[in-house]
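So the chains spell out like this:
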Amino acid sequence: MLVELLLFGGLLFLLWKSFRKPPELPPGKWGLPLVGYIPWTSKTFEDQVSDFHKQYGHIFLWRMGTQLMVFINDYKLVKETFSRVEFTNRPDWETFKFFEDPAIGIGSSSGALWHRNRRFTLRQLRDLGMGKSRLVEVVQQQTLKLRESLSINAGTPGRIPHQLFVTIINVIWQMVASRQFDAEDKKLKSFAKDMDDFVILSNRLAFKDFLPWLQTIMPEFLFKRLINYHGMVQMKERFFAYFYEEIKNHRATLDPDNPRDLIDGYLLEMETNKDDTETTYSDADLAFLVFDLFFAGSETTTNTFNWMCCFLASHPHVQRKLHAEIDEVLCNGILPTLTERPRMPYTEAVINEVLRISALVNFGVQHMANTDTQLGGYTIPKGTILSSSVTSIHYDNRYWVQPNEFRPERWLDENGKLSMKKEGFLAFGVGKRVCTGESLARMELFIITSMIFQSFSIAPPPGKSINLIPDLSGFFFRKPMYNEFVFTMRKQ
Ligand code: HEM
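Residues numbered from 1 in each chain as written. Predicted model: local features only at pLDDT ≥ 70, side-chain atom pairs only at ≥ 80, totals over all residues. Heavy atoms only, no water.

**Student:** What is the right way to read the packing of aromatic side chains from this model?
**Tutor:** Centre-to-centre distance and the angle between the planes together describe a pair of aromatic rings. Under the defined criterion, the tally for this structure stands at 49 aromatic pairs. Ring plane angle 75° and centroid distance 6.0 Å describe the contact between Tyr75 and Tyr399, whose orientation is recorded as edge-to-face. Within this pair, whereas Tyr75 is found in helix 3 (residues 75-82), its partner Tyr399 is found in the loop between helix 17 (390-394) and helix 18 (438-455), the two being separated by 324 residues in sequence. Take Tyr75 and Tyr399: they sit in the same class, and that class is buried. Seen from their ring centres, Phe98 and Tyr229 are 5.8 Å apart, and the 75° between their planes marks the pair as edge-to-face. Residue Phe98 is found in the loop between helix 4 (94-97) and helix 5 (111-127), and its partner Tyr229 is found in helix 12 (residues 229-252); the two are separated by 131 residues along the sequence. Assessed through its relative accessible area of 28%, Tyr229 is described here as partly exposed. Across the ring face of Tyr37, the terminal group of Lys29 is positioned such that the distance to the ring centre comes to 5.0 Å. Residue placement shows Arg63 over the ring face of Trp30; its charged tip is 4.0 Å from the ring centre. (Phe/Tyr/Trp six-rings, centres within 6.5 Å; stacked < 30°, edge-to-face > 60°. Helix = DSSP H or I, 4+ residues; strand = E, 2+ residues; numbered from the N terminus. Buried < 20%, exposed > 50% of the residue type's maximum accessible area, 1.4 Å probe, protein only. Lys NZ or Arg CZ within 6 Å of the ring centre and 35° of its normal.)

Right under this line is the structure:
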């Protein structure tokens, strides 16, 4: 009898514990065991987070299913958090490890392998011309093609041509594999489609991460259908077949004295470390690294330029100032190089303001606590996921005067010089996992923006206006809505 009573008491204690949020955790929504807190509202996820921010303050908890999520809405606290080693890991989520478990490559991996790949990637991107003149020519040549496709439909309403994506992809592909795709390349078109689909399909994997118990109560075939298991496997095969083929070609033609690109660089490091028993170099790791660069570098930069078009088309006075600076510095149609950058502070200010106001990666990329620790006066248990609320911070009026206004001037000092204000700016993240491609992205955006608006002005179609409300249907990005533009050739 005593044993039964003790067991019953233990059960009651466990139930009570899972219904009640431990007081040492950050304030927030706890909800019910197994399902966590489900908001019964039609509000967007972003608005919901914003409401909780108002209710609970700069750090709050939201139990989603069985997963503890902590949202940080204060720039200084995000900076402190993501600079600490305890918060450097990526979540142990299916979204990150579906293709390979444990995750490899750079964007999804953790620990020593991530650290090594991050150092390798930063070195390679720097040596292969990130932010330097060597890549400038590739960006210029690709942007000339974008100009060509824009000029075909100049004067008539249309969307931003596919060539923008081709331009961005080709810059990455040049550094990674010394290759460039033709705009009509079938492989590239299927790549583009797969990347779009990946963002949508991978959302379904969240069932495994947030409601893992579903897998134990559902028949396997039904659960696999729920997470679109087969679609994801086929997508992985399509993506990686191409990368493995490139790795094979590179290995066959590798000249150790003349590494051509990032793939060669990796193969050489692999060879140097082949006798090291601890080594984690592999073809699979290299293929994932390449996938990560494609994924992290293409959607982000393409969507930022799309946002740029939306804001310039709806703010003609900003466009006029941009045109004036371009015409003065890039007179007689000369093409921009990095030498002109310091003389074009307004162009740089427009790019920064687009990055701020669009808050494209609206919740950053999630990090995970790799140990029980303290943050902001609260306990953060091991395995808790941490997200920065980039939109709240980019619209925080402690850092930005009239944050809802598109005002590039906020990035200029009283002498018209660029002031690279960092407080309150999180477009590329902060801390130990800050974006490795920031300089490359800024270089691409500078050349593409100045070359396109050297030749064109942009406006909404007659009688229409640009929709600046973000499309929040994907979890990772705050994309612009579908808009049509009229590009008109400028007389110079
Ligand atoms: C406008 C363009 C871009 C934006 C807004 C952007 C933004 C970001 C953000 C927010 C993160 C997450 C930081 C974190 O985990 O806390 C990130 C990570 C990353 N980005 Fe970018 N990015 C851009 C372009 C690029 C480009 C061009 C590349 C390279 C080709 C790149 C490569 C990466 C990689 C590899 C990571 C993962 C770093 C790691 O996990 O250590 N990004 N980026």
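**Student:** Can you help me understand the coordination of the iron atom of the ligand in this one?
**Tutor:** In a perfect tetrahedron of four donors around a metal, the angles come out at 109.5 degrees. In a perfect octahedron of six, they are 90 or 180 degrees. The protein supplies the iron atom of the ligand with one donor atom, Cys435 (SG), which lies at 2.3 Å. Counting through the fold element by element, Cys435 comes out in the loop between helix 17 and helix 18. (Donors = N, O, S within 2.8 Å, 3.2 Å for Na, K, Ca; no water.)

**Student:** Help me understand the site of the ligand in this model?
**Tutor:** Taken together, 23 residues lie near the ligand, and Arg90, Trp114, Arg118, His367 and Cys435 sit nearest. For the ligand, an oxygen atom lies 2.9 Å from a polar atom in the side chain of Arg90. With respect to the ligand, the side chain of Trp114 contributes an N or O atom lying 2.8 Å from an oxygen atom. Among the elements of the structure, helix 5, helix 14 (283-314) and helix 18 are those that each provide at least two residues to the shell around the ligand. Residue composition of the shell around the ligand, by class: 11 nonpolar, 9 polar and 3 charged. (Near = heavy atom within 4 Å. Polar contact = N/O pair within 3.5 Å; in protein donor to acceptor, adjacent residues only side chain to side chain. Nonpolar A, V, L, I, M, F, W, Y, C, P; charged D, E, K, R; others polar.)

**Student:** Looking at this model, I keep getting lost on the UniProt feature "binding site: heme" (unreviewed entry) in the protein chain. Mind explaining?
**Tutor:** Per the UniProt record, "binding site: heme" (unreviewed entry) is annotated on Cys435. On the basis of relative accessibility, which here comes to 34%, the residue Cys435 falls in the partly exposed class. (UniProt positions renumbered as here; feature names shortened; annotations may be inferred.)

**Student:** I'm lost on the nonpolar core in this one. Help?
**Tutor:** Inside soluble globular proteins, nonpolar side chains tend to come together where they are buried. Judged by nonpolar contacts, the single largest core of 132 residues is most densely connected at Phe243 and Phe453. Among the elements that make up this core, the one with the highest residue count is helix 14 (18 residues). Sequence-distant contacts of Phe453, defined by excluding residues within four places in its chain, comprise Phe305, Met308, Cys309, Leu312, Gln319, Leu322, His323, Ile326, Ile458 and Arg490. Grouped together as the second largest cluster of nonpolar side chains are 13 residues, Val49, Met64, Met69 and Ile385 included. (Core = buried A, V, L, I, M, F, W, Y, C linked by side-chain atoms within 4.5 Å. Contact = heavy atoms within 4.5 Å.)

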